[in-house]
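Okay, here's what each chain looks like letter by letter:
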Amino acid sequence: MTTLTKTEDAAAPTGADPFLSVRDLYVRFSTEDGIVKAVDGLSFDLERGKTLGIVGESGSGKSVTNLAVLGLHNPRATEIKGEILLEGQELTGAREKTLEKLRGNKMAMIFQDALTALSPYYTVGRQIAEPFMKHTGASKREGRQRAIEMLAKVGIPQPNLRVDDYPHQFSGGMRQRAMIAMALVCNPALLIADEPTTALDVTVQAQILDLLKDLQQEFGSAIILITHDLGVVANTADDLLVMYAGRAVERGTVKEILTEPRHPYTWGLLSSMPRLTSDVTELLHPIPGTPPSLLSPPTGCPFHPRCTFKAEVGGTRCADERPPLAPGRASACHLTAEQKQTFFIEQIKPRLG
Amino acid sequence: MLPFLFRRTLGALVILFLLTTFTFFVFFAAGDPAQMSCGKNCTADNIALIHQNLGLDKPITTQYWDFLVGIFTGRNFSVGHCPAPCFGYSFATKQQVWATLLDRLPTTASLAIGGAVVFLTVGLATGLLAAWKRGTFVDKTFTSVSMVLSSAQIYILGPIVMGIFVYSGLLESPRYVDFTSGPAAWGAGLLIPWLVMATIFTAQYTRMSRSTMVEQLQEEHVRTAKAKGMSGRYVFLRYAWRGSLIPIVTILGMDLGSLFGGAMITEYTFQLAGLGRLAITSVTTLDLPMILGVLIFSSALILLFNIIVDATYAFIDPRVRLS
């Protein structure tokens, strides 16, 4: 996979620049309790027209990373280090005016809960038209026309009437469609979807994911799909990044990670997923413990306090030494390649059925 | 909208009725107004005569019924006819209650409107500026100054301001001049009361508008607007401000309602003859018709502003409009 040929740490470019390249990103918030290390040295690349899934528990830094791409963190309370290159343009530390021109235009975001993410005070049409008018200089009428067109595209019936509705007059699925219409109104080259289907019921979920795929084919956008649902990623993404405690712990293609995961955390994620085909008496295997506090993340491998395989590594290596994430298909774990394979086949795979 | 207003008006009338009834009957538990107006060396005959003149010799229920009917039809007293809406004659001044109320209203209304203009403009402007510059020196200055000012008291601030500006001849001594007889004189006479009264309100509005704006700026829909590439100023004024309107309008409605019902302390401090002072005087002299008049009048104003606020919600928030 060409998108996965970069190392975690090395900034050395190989060949053509990727469309989006995040290099060694650190995001830290200063809070009353101390410094929260929300993203801790993250790197990934994304090509045009591809979909990158980012999975991980709540608080693993998925959303924070992507808000950093759009530059939406409050600069007064946030420290951002590292590089975010969008077609070679540096976004970290870019001027607000520069970012304003990119947001909603070249890069757009779909938020999780459309009910709270859309303003209750303005019509759906106006909220869709706003970025279009701002970025293309279109008139109010053209903006409205465009909003109707976009609503039709995302499958809202009677778009010429619904354009004047307020978000609360839409159903949950329709609101999410409207949100997608809003994000796509300027044909963004990069679309970040932050748990776009989490608040929806399953049937609507599938429709929304199909819609995203269709629109991606039409516009050729690159998509970052943030989710904690591996099922969503399986059908939608090309590549996958598993995050834990603000770091990438495993990366590969979706197929590679779902069929041959190599990190104990990914094993945990897969084992804790209920399956339709499994027997009711069969127990799920949740990951023991809770995600770490990012105020004082664990030393070494951040997953070691919850890891059931740390004894296999031997000594206190897991607690002392941070495992690197090698280039390409890789996992950040001190277990040897043979161990990973053996444990997966002997202990994990039988659970996955 | 119309059924809503109808329902609210009906509710307000019920509240007014209950309030009137309660006050009327509680009053007679408080003491004998004839004794008050007669003084210390009073004979039983004198008291009986006063009772008869004031209509206090009739059963309380009859008095109450006459009072209620009088509001809608007017009443005839020994001193003359009292046209509807008739709240009777004051025990203390022998003036018609309704005429007295109408006489005092312009003072109170002028005080309320002028004060509100000052505290709204200054309070919201500083609050918004503090929210825009949150975390900076400007924000901290405004916040701490408003903290100090909101704990100031009119009866302390008033004399100090008077001492500085009136005795040095910079500003006119507070007095009420009717607006029709000269807007300049009207404004000059009320300038000090406006400023002093507005100080405390301004501080409250600064703090409130700042905090609701800061809260709104953290709302997800405000972040979405930013994510669409809308400018910081646009997001601030269109998205965050729009969401801040509801709490601000709510408090404003309550404040205006009580200000129109009479700013007791301000009127007392600056010796202005408004509804607030009328309320205090009538209570201290056990002037039943006047107490009832002021009470009904002030309560009606407060209820009216409440209805206006509720109707305003519908304009601000489309979710209210439809339900």
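Visitor: Please explain the overall build of chain A as it appears in this structure.
Guide: On a plain count of helices and strands, chain A comes out with 14 helices and eleven strands. Here the C-alpha radius of gyration of chain A, 21 Å, is about what a compact globule of 353 residues would show, namely 20 Å. Across its three principal directions, the C-alpha atoms of chain A cover 70 × 50 × 45 Å. When burial is assessed residue by residue, chain A has 47% of its 353 residues classed as buried. Considering only contacts in chain A between residues 6 or more positions apart, those separated by 24 or more positions represent 65%.

Visitor: Sorry, what's going on with the overall build of chain B here?
Guide: Along the backbone of chain B there are 14 helices and two strands. Seen through its principal axes, chain B has C-alpha atoms that stretch 85 × 55 × 35 Å. Scored against the burial criterion, the 323 residues of chain B give a buried share of 36%. Once local pairs closer than 6 in sequence are excluded, the contacts in chain B between residues at least 24 apart make up 66%.

Visitor: Is there a simple way to think about the pairing of strand 10 (residues 247-253) of chain A in this case?
Guide: Regular strands have side chains that alternate between both faces of the sheet. All names here are of chain A. Most of strand 10 sits inside the fold, with six of its seven residues counted as buried. Summarising the sheet, strand 9 (residues 239-244) and strand 10 pair through six bridges and their orientation is antiparallel. Note that in strand 10 the partner of Asp239 across the bridge is Thr253. As consecutive antiparallel partners, strand 9 and strand 10 are separated by two residues, and within that stretch Ala245 has a phi angle of approximately 50°, a positive value.

Visitor: Is there a simple way to think about the nonpolar core in this case?
Guide: Inside soluble globular proteins, nonpolar side chains tend to come together where they are buried. Of all hydrophobic cores here, the largest spans 96 residues; its most connected members are A:Ala178, A:Met179, A:Ala181 and A:Val242. Of the residues forming this core, the biggest block, eight residues, is contributed by helix 7 (residues 172-184) of chain A. Beyond its immediate stretch of four places on either side in the chain, A:Met179 contacts A:Ile110, A:Phe111, A:Ala114, A:Ala117 and A:Leu118. With 52 residues, the next largest nonpolar core counts B:Leu54, B:Ala116, B:Leu190 and B:Leu278 among its residues.

Visitor: What is the right way to read the interface of chain B and chain A from this model?
Guide: A common measure of how large an interface is: the accessible area buried when the components associate. Facing the 19 residues of chain B at the interface are 24 residues of chain A. Elements represented by at least two residues in the side of chain B that touches chain A include exactly helix 9 (220-227), helix 10 (232-260) and helix 14 (318-322) of chain B. In terms of residue count, helix 9 of chain B provides more of the side of chain B that touches chain A than any other element does, seven residues in total.

Visitor: Help me out: how do you make sense of the environment of A:Lys101 in this one?
Guide: You can see A:Lys101 is positioned in helix 2 (residues 96-102). Through-space distance from the C-alpha of A:Lys101 to that of A:Lys134 is 8.8 Å; in sequence the pair is 33 residues apart.

Visitor: Is there a simple way to explain the packing of helix 8 (residues 183-217) of chain B against helix 10 of chain B in this structure?
Guide: Geometrically, a packed helix pair is captured by the angle between its two axes and the distance between the axes. Residue and element names in this part refer to chain B. Between helix 8 and helix 10, the shortest axis-to-axis distance is 8 Å and the interhelical angle comes to 150°. In terms of their interaxial angle, helix 8 and helix 10 are classed as roughly antiparallel. Read as a crossing pair, helix 8 and helix 10 show a hand that is right-handed. Where helix 8 approaches helix 10, its residues Phe201, Met208, Ser209, Thr212, Met213, Gln216 and Leu217 are matched on the opposing element by Ala240, Gly243, Ser244, Pro247, Ile248, Ile251 and Asp255. Residues of the contact of helix 8 with helix 10, tallied by class, amount to eight nonpolar, five polar and one charged.

Visitor: Looking at this structure, how should I read the packing of helix 7 (residues 154-166) of chain B against helix 8 of chain B?
Guide: Residue and element names in this part refer to chain B. Orientation of helix 7 relative to helix 8, taken along the N-to-C sense of each, is 140°, at an axis distance of 10 Å. It follows that helix 7 is oblique to helix 8 by the angle criterion. Crossing of helix 7 against helix 8: the hand is right-handed. Contact residues: helix 7 offers Ile154, Leu157, Gly158, Val161, Met162 and Phe165, while helix 8 offers Ile192, Val196, Met197, Thr199 and Ile200. Tallied by class, the residues present in the contact of helix 7 with helix 8 amount to nine nonpolar, two polar and no charged.

Visitor: Mind showing me how you'd approach the sheet that holds strand 4 (residues 78-86) of chain A here?
Guide: Adjacent strands of a sheet form backbone hydrogen bonds with each other and so pair up, either parallel or antiparallel. Residue and element names in this part refer to chain A. Ordered in space as 2-1-4-5, the four strands form an open sheet in which the pairing is antiparallel. Edge strands, defined here as strands with exactly one partner in the open sheet, are strand 2 (34-46) and strand 5 (89-90). Against the sheet, helix 1 (residues 62-70) contacts strand 1 (20-31), strand 2 and strand 4, and its axis sits at roughly 75° relative to strand 2.

Visitor: Honestly, the sheet that holds strand 3 (residues 51-55) of chain A in this entry has me stumped. Any pointers?
Guide: Residues and elements named next belong to chain A. Taken together, the seven strands give an open sheet; going across it, the order is 6-7-8-3-9-10-11, and neighbouring strands pair in mixed fashion. Single-partner strands in this sheet number two, and they are strand 6 (107-110) and strand 11 (330-331). Strand contacts of helix 11 (residues 264-271): strand 3, strand 9 and strand 10, with the helix running at about 100° to strand 9, the strand carrying the most contacts.

Visitor: What is the right way to look at the confidence of the model for chain A in this model?
Guide: A low pLDDT score tells you not to read the predicted coordinates there in detail. In this model, chain A carries an average pLDDT of 88, and 95% of its residues clear a pLDDT of 70 or more. Note that residues 1-14 of chain A has pLDDT below 50 and, in this model, 30 contacts with residues that lie over four places away or in other chains.

Visitor: Looking at this structure, how should I read the environment of B:Lys140?
Guide: All names here are of chain B. Relative to the helices and strands, Lys140 resides in helix 6 (residues 137-150). According to the C-beta neighbour criterion, Lys140 is partly exposed, with 13 such atoms within 10 Å. When the C-alpha positions of Lys140 and Ala130 are compared, they lie 7.8 Å apart, and in sequence the two are ten residues distant.

Visitor: In this structure, what is going on with the pairing of strand 8 (residues 222-227) of chain A? I would like to understand it.
Guide: All names here are of chain A. Among the six residues that make up strand 8, six are buried, leaving the element largely enclosed by the rest of the structure. Burial of strand 8 is two-sided: the residues Ala222, Ile224 and Ile226 facing one way and the residues Ile223, Leu225 and Thr227 facing the other way are all buried. Remark: the strand 7 (residues 190-194)/helix 8 (residues 202-219)/strand 8 crossover connection has right-handed handedness.

Visitor: Looking at this model, I keep getting lost on unusual backbone geometry. Mind explaining?
Guide: Peptide bonds are trans in most cases, and residues, glycine excluded, mostly fall at negative phi. All names here are of chain B. Following Ala84, the chain continues to Pro85 via a peptide bond in cis, the omega torsion being -5°. Among the secondary structure elements, Pro85 is positioned in the loop between strand 2 (80-82) and helix 5 (97-132). Unusually for a residue other than glycine, Gln271 sits at a positive phi of about 55°.

Visitor: Sorry if this is basic, but what is going on with helix 4 (residues 60-73) of chain B here?
Guide: Helical geometry note: an α-helix holds 3.6 residues per turn, so side chains three or four residues apart project in the same direction. Compared with an ideal rise of 1.5 Å per residue, which puts 14 residues at 20 Å, helix 4 of chain B spans 20 Å between its outermost C-alpha atoms and is within 8% of the ideal. One or two positions beyond helix 4 of chain B, positive phi appears at B:Gly74, with a value near 85°.

Visitor: For this particular structure, what's the right way to read the confidence of the model for chain B?
Guide: Averaged over all residues, the pLDDT of chain B equals 88, while 97% of them reach at least 70. Reported for the predicted complex are a pTM of 0.83 and an ipTM of 0.86.

Parameters and conventions
Residue positions are counted from 1 within each chain, in the order its sequence is given. Chains carry letters and ligands carry numbers; both start at the beginning, A for chains and 1 for ligands, and go up in the order they are written. Where local features are concerned, this predicted model is filtered to residues with pLDDT of at least 70; where side-chain atom pairs are given and counted, the filter is 80 or more; whole-chain, interface and lining totals use all residues. Numbering of helices and strands runs from the N terminus, with a helix taken as a DSSP run of H or I at least four residues long and a strand as a DSSP run of E at least two residues long. The globule rule used for comparison is 2.2 Å times the number of residues to the exponent 0.38, while the radius of gyration itself is calculated over C-alpha atoms. Exposed residues have 12 or fewer other C-beta atoms within 10 Å of their own C-beta, buried residues have 20 or more, and residues in between are partly exposed; the C-beta atoms are placed from the backbone. Distance between backbone-placed C-beta atoms decides contact: two residues are in contact if it is within 7 Å. Strand pairing follows a simple DSSP-based rule, namely that at least 2 bridges must link the two strands. Take the buried Ala, Val, Leu, Ile, Met, Phe, Trp, Tyr and Cys residues, join any whose C-beta atoms are within 7 Å, and the set you get is a nonpolar core. Here an axis means a line fitted to C-alpha atoms, over the contact stretch when the element is a helix, while the angle between two N-to-C directions is reported on a 0 to 180 degree scale. Working definition: roughly parallel below 35 degrees, roughly antiparallel above 145 degrees, roughly perpendicular at 65 to 115 degrees, and oblique for all remaining angles. Crossings are sorted by hand: turned counterclockwise from the far helix by less than a right angle, the near helix makes the crossing left-handed, and turned clockwise it makes it right-handed. When residues are sorted by character, Ala, Val, Leu, Ile, Met, Phe, Trp, Tyr, Cys and Pro go into the nonpolar class, Asp, Glu, Lys and Arg into the charged class, and all the rest, Gly among them, into the polar class. In predicted models, pLDDT denotes the confidence assigned by the predictor to each residue on a 0 to 100 scale. Every crossover in which the path from the first strand over the helix to the second runs clockwise, viewed with the strands pointing away from the viewer, is termed right-handed. An expected span of 1.5 Å times one less than the residue number is assigned to each helix.

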